[in-house]
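Listed below, chain by chain, are the residues.
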Amino acid sequence: MVLDWCYGRLPAFELLIPFSCEDLSSLGPAPVSLCQLVAQRYMPLKKVLPLMAAAGSHLLFVLHGLERLNLDFRLAGTGLCSDPEQPEEPAAIIVNLLRKYMLPEASILVTTRPSAIGRIPSKYVGRYGEICGFSDTNLQKLYFQLRLNQPDCGCGSGVSAAPAQRDNLVQMLSRNLEGHHQIAAACFLPSYCWLVCATLHFLHAPTPAGQTLTSIYTSFLRLNFSGETLDSTDASNLSLMAYAARTMGKLAYEGVSSRKTYFSEEDVCGCLEAGIKTEEEFQLLHIFRRDALRFFLAPCVEPGRAGTFVFTVPAMQEYLAALYIVLGLRKTTLQKVGKEVAELVGRVGEDVSLVLGIMAKLLPLRALPLLFNLIKVTSLTPPPASSLPSTPSCPCSHRVPCSPLAPLPAGNCCFLHRRQACPLLCRSRNSIVSVPPEVVPRVFGRMVGKSREAVAQAMVLEMFREEDYYNDDVLDQMGASILGVEGPRRHPDEPPEDEVFELFPIFMGGLLSAHNRAVLAQLGCPIKNLDALENAQAIKKKLGKLGRQVLPPSELLDHLFFHYEFQNQRFSAEVLSSLRQLNLAGVRMTPVKCTVVASVLGSGRHALDEVNLASCQLDPAGLRTLMPVLLRARKLGLQLNSLGPEACKDLRDLLLHDQCQITTLRLSNNPLMAAGVALLMEGLAGNTSVTHLSLLHTGLGDEGLELLAAQLDRNRQLQELNVAYNGAGDTAALALARAAREHPSLELLHLYFNELSSEGRQVLRDLGGAAEGGARVVVSLTEGTAVSEYWSVILSEVQRNLNSWDRARVQRHLELLLRDLEDSRGATLNPWRKAQLLRVEGEVRGLLEQLGGSGS
């Protein structure tokens, strides 16, 4: 509205003056005039202040967040004032503006939470309206189009997705809004539209350094509730977010622990009203219901779920459940009993100390109270120094710190220090100052302790649930919940799938990061450094036991995502020090996933025995992001990634890097073409580690094989080269075979499934089987009248790629191989060889039947 006025779109007002009631409340009771307030806030308006009184109805005041001010409209509480230049308390100026006693013709627009509407008497209100959300779904779509199509709206990151990708996101989101009513109900609130867009940018655009999913949700809550107290008139000054964490967090955690996302009205009331005993607590609950409950919970609009409630977005349930745990709000039975026992011990201890103090004046038992106090103090772990008063109340004037065994100084007063600080123990000639009663509950509570082991156990067990092992990773799950699932949907009559809460442990780790703890402190939900350290130690202990098991690719990525959210490199390095194999085959490696893997594993020092990134939809940008991880790999699998010649530039740089330790490089089923092989050969020429290279089905053709033949001698370490299924003819294949025979280290060359004639196969077979040294050449399943020792390698490659290769072309090659086997079987009289050939023929016929061939 202010911007509209600046651009002349509000011609009815000559002057618009906005005030934040939060800023006004921070000024305190110091007197200040309205003119001074305007001049302090808006220096350019200082020149037009004399015109303010003459503006009349063309003057508009905007008062934002009235609930931050305690206004008293009684004349006894706030006197009348009509002079804008007369100093008054800020609250008094606002009251007189609303009374229309000061600048009576001025227009006033007030924003406030619903619960604070009653603070303004109705006679001062012309009209009011409640802003609920987008009443028109077309406005939702317009918002998403505007925000997602902004080149730089990734939360100020300066990076964005490609235009085509942004258009695709908008289309998918629009379709899901039309077909999935629950997300449309969530996006009724404009702030959740912001959260949806921020999440989509995180999932699909290059991720700025340091941004995490947890930080997006924490920032989202800060934007909505930063600094807000539940009731500014309440003495407890409880923050709204702290109250939400206690109530909504309890409901969210109970849902996670019982594996449900739908809640009855009884469930909601049970969590909201738990532990309420006083009138003040009922008043706070009423305010929360009025102001914030609809922000977290929404009625379920799915068929058959009438009367139930769900969290506005599913991930918010897991976030609040994690917040409930890390804040220590979940109390076990032992902790609840321990607190009561601690309070009882404190009261009884104080009474006993008082009685013994009185007896010490009458009887020679002065040592008993001192002994009793020493037992109370030294038998328990002392509280931290921050929990003790800085200037203890003591009848003596001395403040001399000493150890428990040091002699008392003059004046008979001392601090009893152990480690950081201890309760005050003062002794004078006729009196004893005992341990303060509030110290014993703290100390006993620390002894009973918050169950850090329980927090870590809950997190780790949820992270390594075996029933979740073969679903999508959490990032794909989030994307599907927002954009929908492409393909057929589950029929409504089918039994629902089990609820998955894999974000819950990840959010727990993210909330313990330093950045999120700082933001939570601004929200009134502080997590102490010592608590975070103890939680991290307990989690590390549990992960050390369970984190060594071999995980499926999607679960391994979830494990790495937890470390990314935790944002602690030292912690991750210690926990992941035993990781030797990184198997992410089949995981769709989006930019954010590449960033996750690189940031978690890129700084490690130990080598990775194998990095398997087969069928991950990698692109050159992903390779560049993953470069620190690829440099640590000994075996690197990049099959089935549609990597073209452009990606070979990055692979060349990888091979030429002085820290490269790759020994086996698998690039099969990528359209590298001859141009890409030329770049690879530049990298191999300066590489000293690669010994096994697979270029199977990479579209090399004759040109690629001839280029390999010409430059093969530039590398002196290669031992095995696979260029099968590349469409090469006899001439190119024979040239490469001769170069391989002359290579000093090459031992094996795979040339099967190329476009070779019968004569060409025979020449290559004779060349590869020559007695003199050199590389062996594999072109068929047979060697003379015997089965080739590499027959299982050839058929396993065919079986592995049966669904991705050209079926007609593979069928033709298998029929040629089958003919070779039959000819060899007919040419030998050795029964053992005949049996082996028959066995291999059976395997080939089985593959032909899978392809739809006759197998005969």
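Residues numbered from 1 in each chain as written. Predicted model: local features only at pLDDT ≥ 70, side-chain atom pairs only at ≥ 80, totals over all residues. Heavy atoms only, no water.

Participant: Help me out: how do you make sense of the overall build of the protein in this one?
Facilitator: Check the secondary structure of the protein and you find 35 helices and 19 strands. Taking as baseline every contact in the protein between residues at least 6 positions apart, the subset at least 24 positions apart corresponds to 75%. Total accessible area on the protein stands at roughly 41100 Å², and carbon and sulfur atoms take up 54% of it. (Helix = DSSP H or I, 4+ residues; strand = E, 2+ residues; numbered from the N terminus. Contact = heavy atoms within 4.5 Å. Areas by Shrake-Rupley, 256 points an atom, 1.4 Å probe, with all protein chains shown as cover.)

Participant: Hey, could you run me through the sheet that holds strand β1 (residues 15-20) in this one?
Facilitator: Paired through backbone hydrogen bonds, the strands of a sheet run either parallel or antiparallel to each other. The parallel open sheet is built from three strands, whose spatial order is β1-β2-β3. Because the sheet does not close on itself, it has two edges, and the strands there are β1 and β3 (107-111). Each adjacent strand pair in this sheet contributes to an overall mean axis angle of 15°, direction not counted. Judged from the six bridges that link them, β1 and strand β2 (residues 59-64) form a sheet pairing that is parallel. Across the sheet, residue Ile17 finds its bridge partner in β2, namely Phe61. (Pairing = 2+ DSSP bridges. Axes fitted to C-alpha atoms, helices over the stretch in contact; angles between N-to-C directions.)

Participant: Quick question: what am I supposed to make of helix α8 (residues 190-204) here?
Facilitator: Helical periodicity: at 3.6 residues per turn, an α-helix aligns residues three or four positions apart in one direction. End to end, α8 covers 21 Å across 15 residues, agreeing with the expected 21 Å (1.5 Å per residue, within 8%). Most of α8 sits inside the fold, with 14 of its 15 residues counted as buried. (Expected span 1.5 Å × (residues − 1). Buried < 20%, exposed > 50% of the residue type's maximum accessible area, 1.4 Å probe, protein only.)

Participant: Would you mind showing me how to read the packing of aromatic side chains here?
Facilitator: We describe a pair of aromatic rings using the distance from one ring centre to the other and the angle between the two ring planes. For the structure shown, the criterion picks out 25 aromatic pairs. Ring geometry for Phe295 against Phe296: centres 5.2 Å apart, planes inclined by 85°, an arrangement best described as edge-to-face. Assessed through its relative accessible area of 10%, Phe295 is described here as buried. Summarising the aromatic geometry, the rings of Tyr319 and Phe507 are spaced 5.4 Å apart at their centres and angled 80° between planes, so their arrangement reads as edge-to-face. One end of the pair, Tyr319, is in helix α14 (residues 314-326); the other, Phe507, is in helix α20 (residues 503-511), and 188 residues separate them in sequence. Owing to a relative accessible area of 0%, Tyr319 belongs among the buried residues under this scheme. Sitting above the plane of the Tyr262 ring, Arg305 keeps its charged end 3.8 Å from the centroid. (Phe/Tyr/Trp six-rings, centres within 6.5 Å; stacked < 30°, edge-to-face > 60°. Lys NZ or Arg CZ within 6 Å of the ring centre and 35° of its normal.)

Participant: What exactly am I supposed to notice about a nonpolar patch on the surface here?
Facilitator: Among the surface-exposed residues, Leu75, Leu80 and Tyr101 lie close enough to one another that they form a single nonpolar patch of about 320 Å² accessible area. By the secondary structure assignment, Leu80 is in the loop between β2 and α4 (90-98). A relative accessible area of 46% means that Leu80 is categorised as partly exposed. (Patch = residues over 30% accessible without salt bridge, like charges linked within 9 Å, V, L, I, M, F, W, Y side chains within 5 Å. Salt bridge = Lys/Arg side-chain N within 4 Å of Asp/Glu carboxyl O.)

Participant: What am I meant to see in empty space enclosed by the protein here?
Facilitator: Unfilled space is identified by rolling a water-sized probe across the atoms. In this structure the tally under the stated criterion is six cavities of 30 Å³ or more. Within this model, the second largest cavity holds a volume of roughly 90 Å³. Every residue along the wall of the second largest cavity is listed here: Leu751, Tyr752, Phe753, Asn754, Leu756, Arg761, Val779, His813, Leu816, Leu817 and Asp820. The element contributing the most residues to the lining of the second largest cavity is helix α34 (residues 807-827), with four residues. (1 Å grid on protein atoms, 1.4 Å probe; cavity = no way out; pocket = protein on both sides within 12 Å on 5 of 7 lines; lining within 4 Å. Points joined across faces, edges and corners; volume = space filled by probe spheres on them.)

Participant: Can you walk me through the sheet that holds strand β13 (residues 664-666) in this structure?
Facilitator: Here we have eight strands laid out as an open sheet, ordered β10-β11-β12-β13-β14-β15-β16-β17, and parallel in their pairing. Where the open sheet ends on each side, the last strands, each with one partner, are β10 (581-583) and β17 (776-778). On average, each strand axis in the sheet is inclined to that of its neighbour by 10°, with strand direction left out of account. The pairing of strand β14 (residues 692-694) with strand β15 (residues 720-722) spans three bridges and is parallel. The residue of β15 that forms the bridge with Ser694 is Asn722.

Participant: Before we go on, may I ask you to explain the nonpolar core in this structure?
Facilitator: Here is a general trend for soluble globular proteins: nonpolar side chains tend to be buried in one another's company. Core analysis: the biggest nonpolar cluster contains 158 residues, and Phe288, Leu695 and Leu751 have the highest contact counts within it. The greatest single-element share of this core, amounting to eleven residues, is contributed by helix α10 (residues 240-257). Look past the residues within four positions of Phe288 in its chain and what remains in contact with it is Leu230, Leu240, Tyr243, Ala244, Thr247, Met248, Leu272, Leu293 and Phe296. By size, the runner-up hydrophobic cluster in this structure holds 33 residues, among which are Ile17, Val38, Ile93 and Met102. (Core = buried A, V, L, I, M, F, W, Y, C linked by side-chain atoms within 4.5 Å.)

Participant: Explain the side chain of Asn669 here, please?
Facilitator: Mapped onto the elements of the fold, Asn669 is located in the loop between β13 and α29 (673-685). According to the relative accessible area criterion, Asn669 is buried, its value standing at 10%. Side-chain polar atoms of Asn669 contact the side chain of Trp805, separated by 2.5 Å. Discounting chain neighbours no more than four positions away, the residues touching Asn669 are Leu640, Asn641, Ser642, Leu696, His697, Thr698, Asn801 and Trp805. (Polar contact = N/O pair within 3.5 Å; in protein donor to acceptor, adjacent residues only side chain to side chain.)

Participant: Just to check I follow, could you spell out the confidence of the model for the protein for this structure?
Facilitator: Low pLDDT means the predicted atomic positions in that stretch should not be read closely. Looking at the protein, the pLDDT average stands at 81 and 80% of residues meet or exceed 70. Below a pLDDT of 50 lies the segment residues 378-441, which in the model reaches 112 contacts outside its immediate sequence neighbourhood of four places, other chains included. The model gives residues 487-496 a pLDDT under 50, and that stretch makes four contacts with residues more than four places away or in other chains. (pLDDT = per-residue confidence, 0-100.)

Participant: Help me out: how do you make sense of the packing of α29 against helix α30 (residues 701-711) in this one?
Facilitator: Closest axis-to-axis distance for the α29/α30 pair is 8 Å, and the angle between their directions is 15°. Here α29 lies roughly parallel to α30, going by the angle between them. Of the two elements, α29 crosses α30, and the hand of that crossing is right-handed. Along its contact with α29, which presents Ala674, Val677, Ala678 and Met681, the element α30 presents Glu703, Gly704, Leu707, Leu708 and Gln711. (Parallel < 35°, antiparallel > 145°, perpendicular 65-115°, else oblique. Left-handed = near helix turned anticlockwise from the far one by under 90°.)

Participant: How do you make sense of the pairing of β3 when you look at a structure like this?
Facilitator: It is a general feature of regular strands that their side chains alternate between the two faces of the sheet. Across five bridges, the pairing between β2 and β3 is parallel. For Phe61, the partnering residue across the bridge sits in β3 and is Ile108. For the handedness criterion, the β-α-β arrangement of β2, α4 and β3 is classed as right-handed. (Right-handed = clockwise from strand over helix to strand, strands pointing away.)

Participant: Help me understand the environment of Ala184 in this model?
Facilitator: As for its placement among the helices and strands, Ala184 is situated in helix α7 (residues 181-186). C-alpha separation for the pair Ala184 and Ile482, spaced 298 residues apart in sequence, amounts to 10.0 Å. If we skip the residues at most four places from it in the chain, Ala184 touches Gln140 and Leu177.

Participant: Please explain unusual backbone geometry as it appears in this structure.
Facilitator: Most peptide bonds are trans, and most residues other than glycine sit at a negative phi. Unlike most non-glycine residues, Leu103 shows phi in positive territory, near 50°. The residue Leu103 is located in the loop between α4 and β3 in this model. For Leu103, a relative accessible area of 11% corresponds to the buried category.

Participant: Would you mind showing me how to read the pairing of strand β12 (residues 633-637) here?
Facilitator: Inspection of the sheet shows strand β11 (residues 608-612) paired to β12 by four bridges, in the parallel sense. Bridge pairing in β12 links Glu610 to Lys635. Examined bridge by bridge, β12 and β13 share three bridges and lie parallel to one another. Bridged to Leu636 within β13 is Leu665. For the segment spanning β12, helix α28 (residues 645-656) and β13, crossover handedness is right-handed.

Participant: Honestly, the environment of Phe311 in this entry has me stumped. Any pointers?
Facilitator: Along the chain, Phe311 turns up in strand β5 (residues 309-311). Between the C-alpha atoms of Phe311 and Ala252, which are 59 residues apart in sequence, the distance is 8.3 Å. With sequence-adjacent residues up to four places away left out, Phe311 is seen in contact with Met248, Leu251, Ala252, Phe263, Phe296, Leu297, Gln317 and Leu320.

Participant: When you look at the side chain of Thr247 in this model, what are you seeing that I'm missing?
Facilitator: Summarising the element assignment, Thr247 is placed in helix α10. When sequence neighbours within four positions are dropped, the list of residues in contact with Thr247 reads Cys271, Leu272 and Phe288.

Participant: Sorry, what's going on with helix α21 (residues 514-522) here?
Facilitator: Listed in full, the buried residues belonging to α21 are Asn516, Arg517, Val519 and Leu520. Buried residues of α21, seen end-on, are gathered within an arc of 165° and therefore sit on one face of the element. In the segment just after α21, Gly524 is the residue with positive phi, at about 85°. (Arc of directions from axis to C-beta.)

Participant: What should I look at first to understand the packing of α10 against helix α11 (residues 265-272) in this one?
Facilitator: Angle between the axes and distance between the axes: these two values describe a pair of packed helices. Relative orientation of the contacting elements α10 and α11 amounts to 140°, with a least axis distance of 9 Å. Between α10 and α11, the interaxial angle falls into the category oblique. When the axes of α10 and α11 are compared, the crossing they make is right-handed. On the side of α10, the interface is formed by Tyr243, Thr247, Met248, Lys250, Leu251 and Glu254, while α11 contributes Asp267, Val268, Cys271 and Leu272. Taken together, the residues of the contact of α10 with α11 sort by class into six nonpolar, one polar and three charged. (Nonpolar A, V, L, I, M, F, W, Y, C, P; charged D, E, K, R; others polar.)

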